[in-house]
Amino acid sequence: MPGDTASRVTPNNPGGRSGPVSPSERIGAIDALRGVALFGVLAINLVTEFRVSIFEQFLGPARPASPIDRAVESFLMVAVDMKAFALFSLLFGVGLAIQFERLAANPGRIRLLLRRLAILLAIGLLHLVLIWNGDILTEYSVAGFVVLPFLFGPRRLLALASLACLGLYLAMPWLVPNGVFPTTAAMAKDVVEANRIYGAGGFIEVLTFRIRELPLILPLHLYVFPRTVGLFLFGAWAWRSAVLKNPAAYGPLMPAVAVVGVSLGLALTLVNANAFFTVRGANMVAGSLATVVLALGYAAAVIGACSTSAGKALFRWAAPLGRMAFTNYLAQSVIFGWIFYGYGLGLFGRLGASTALAIGLGVYLGQIIFSAWWLRRYRYGPVEWLWRRLMYGVAQPMALV
């Protein structure tokens, strides 16, 4: 959930390019895409991790569900699951490349970018331990450290490294040794304990169990880490290729990528869901490939639409949300933690997917309204401002003058 940087020439910085980007310099299509992707992240996190244990999805149906709940879960698994996270990975790579480029004249570029990633890591670890162990910020910060050296290379290196990482991700079903992932018995035990502790425990009890779950969750992050790095690199390559800077100049490219990506991605998703292949791991590869292809299709659809006047008007609501994605992401964790955990309303394990998603829609709508209101008065979201303040080590203007 990165932000851009912009020129700021001062006596101590004759080269400029050291200050955060002004709102007028931001690329609206990227902000809008980030705002749209945020809903996908919200929906999946809410339905599969805040509402119930993350491991229920791996154990099969464990509780009766109404037809509408089954329909909601099926739709999210086919069209949204993991695709929203893939979109965020792509966008993080774009943002990292933008900052690397705009800090080119600053002799402290590497120091600033390393500090930025270190601050993200610290915030991610606090979020993971104190608020919610489904955090993605920690993984993103580590992936950022891996990707940063590649930004010094040519565009071809970014493309080749991206393909290598995504190829490794697709090969993971055959590379992961037995015993890495938790056993069925371990997951079933965790689900029982989660229903008891998350649903009725106090803050300290929930905190203790959240930390105890981390060894079970870590393999899931390690499995998708090559995809995260690969999409970071792909996002950086896409920015360097100039397609994102002026998509309208590329004619029908974005609509074509959108149609092919969405169509092929959905087809591969259905192949995986119906276990079409008999070769071990082949269906998982189809599902993994579907995640990447669908994410690219969604990105092309939104960015292509935003290159037209009608599309800009259609997605205008999403841009403020995307500009404050960091703040909104953390706020969602705090809000949903209070709704579902025992130190709040204690609704963990008690709601169907459709009811939970309706609550999520209400929260998302509230964030749309709040983000627009806030950015009419301030340059950045609260957490975005703090991130920049700590990164640059100097006071940053907050209020719009």
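Before going into details, it helps to say that this report is about the structure given with it. Keep in mind the model is a prediction, meaning the values are calculated, not measured. (Residues numbered from 1 in each chain as written. Predicted model: local features only at pLDDT ≥ 70, side-chain atom pairs only at ≥ 80, totals over all residues. Heavy atoms only, no water.)

**Concerning empty space enclosed by the protein**
Considering all chains together, one arrives at five cavities of 30 Å³ or more under this definition. For the largest cavity, the calculated volume is near 70 Å³. Contributing to the lining of the largest cavity are E49, V52, S53, I54, W132, N133, Y198, E213, I217, Y341 and F348. Residue classes in the lining of the largest cavity are distributed as seven nonpolar, two polar and two charged. (1 Å grid on protein atoms, 1.4 Å probe; cavity = no way out; pocket = protein on both sides within 12 Å on 5 of 7 lines; lining within 4 Å. Points joined across faces, edges and corners; volume = space filled by probe spheres on them. Nonpolar A, V, L, I, M, F, W, Y, C, P; charged D, E, K, R; others polar.)

**Comments concerning helix α6 (residues 137-147)**
Residues that lie three or four places apart on an α-helix share one face, since the helix turns once every 3.6 residues. Counting buried positions over the eleven residues of α6 gives eight, a clear majority of the element. Looking only at α6, the buried set comprises L137, T138, E139, Y140, S141, A143, G144 and V147. Each element contacted by the buried residues of α6 is listed here: α4 (83-102), α5 (109-131), α9 (203-240) and α14 (325-340). (Buried < 20%, exposed > 50% of the residue type's maximum accessible area, 1.4 Å probe, protein only. Helix = DSSP H or I, 4+ residues; strand = E, 2+ residues; numbered from the N terminus. Contact = heavy atoms within 4.5 Å.)

**Some remarks on unusual backbone geometry**
For M82, which is not glycine, the phi dihedral falls at a positive 70°. For M82, the location among the structural elements is in the loop between α3 (67-80) and α4. Take M82: its relative accessible area is 26%, and that puts it in the partly exposed class. Positive phi, close to 75°, is recorded for A242, a residue that is not glycine. Here A242 lies in the loop between α9 and α10 (253-273).

**Re the environment of F225**
Inspection of the secondary structure assignment puts F225 in helix α9. The spacing of F225 and G35 is 190 residues in sequence and 23 Å in space, taken between C-alpha atoms. Leave out the neighbours within four places in its chain, and F225 touches E139, V142, A143 and V146.

**Some points on the packing of helix α1 (residues 28-50) against helix α11 (residues 282-306)**
The interhelical angle for the contact between α1 and α11, taken along N-to-C directions, is 135°, at an axis separation of 9 Å. Of the possible angle classes, the one that applies to α1 and α11 is oblique. As α1 runs across α11, the sense of the crossing is right-handed. Of α11, the residues touching α1 (which contributes A29, A32 and L33) are Y298, A299, V302, I303 and C306. When its residues are assigned to classes, the contact of α1 with α11 shows eight nonpolar, no polar and no charged. (Axes fitted to C-alpha atoms, helices over the stretch in contact; angles between N-to-C directions. Parallel < 35°, antiparallel > 145°, perpendicular 65-115°, else oblique. Left-handed = near helix turned anticlockwise from the far one by under 90°.)

**Thoughts on the side chain of E213**
Position of E213 relative to the elements: it lies in helix α9. For the buried E213, which has no salt bridge, the nearest side chain bearing the opposite charge is R210, at an N-O separation of 6.9 Å. Sequence-distant contacts of E213, defined by excluding residues within four places in its chain, comprise F55, N133, D190 and Y198. (Lys, Arg positive; Asp, Glu negative; His and termini not counted. Salt bridge = Lys/Arg side-chain N within 4 Å of Asp/Glu carboxyl O.)

**With respect to the packing of aromatic side chains**
Taken as a whole and assessed by the stated rule, the structure comprises 24 aromatic pairs. Ring centres 5.4 Å apart and planes at 80° place the aromatic pair Y140 and F232 in the edge-to-face group. Taken together, the positions of Y140 in helix α6 and F232 in helix α9 put the pair 92 residues apart, joining distant regions of the chain. What makes Y140 buried here is its relative accessible area of 2%. Accessibility expressed as a relative area gives 0% for F232, which makes it buried. Judged by centre distance (5.4 Å) and plane angle (40°), the ring pair of F234 and W237 falls under tilted. Of this pair, F234 and W237 both sit in helix α9, three residues apart, roughly one helical turn. Taken together through their ring pairs, the aromatic side chains of F50, W132, Y198, F203, F209, F336, Y341, Y343 and F348 make up a single cluster. (Phe/Tyr/Trp six-rings, centres within 6.5 Å; stacked < 30°, edge-to-face > 60°.)

Function cannot be inferred from these measures alone, as they are strictly geometric.
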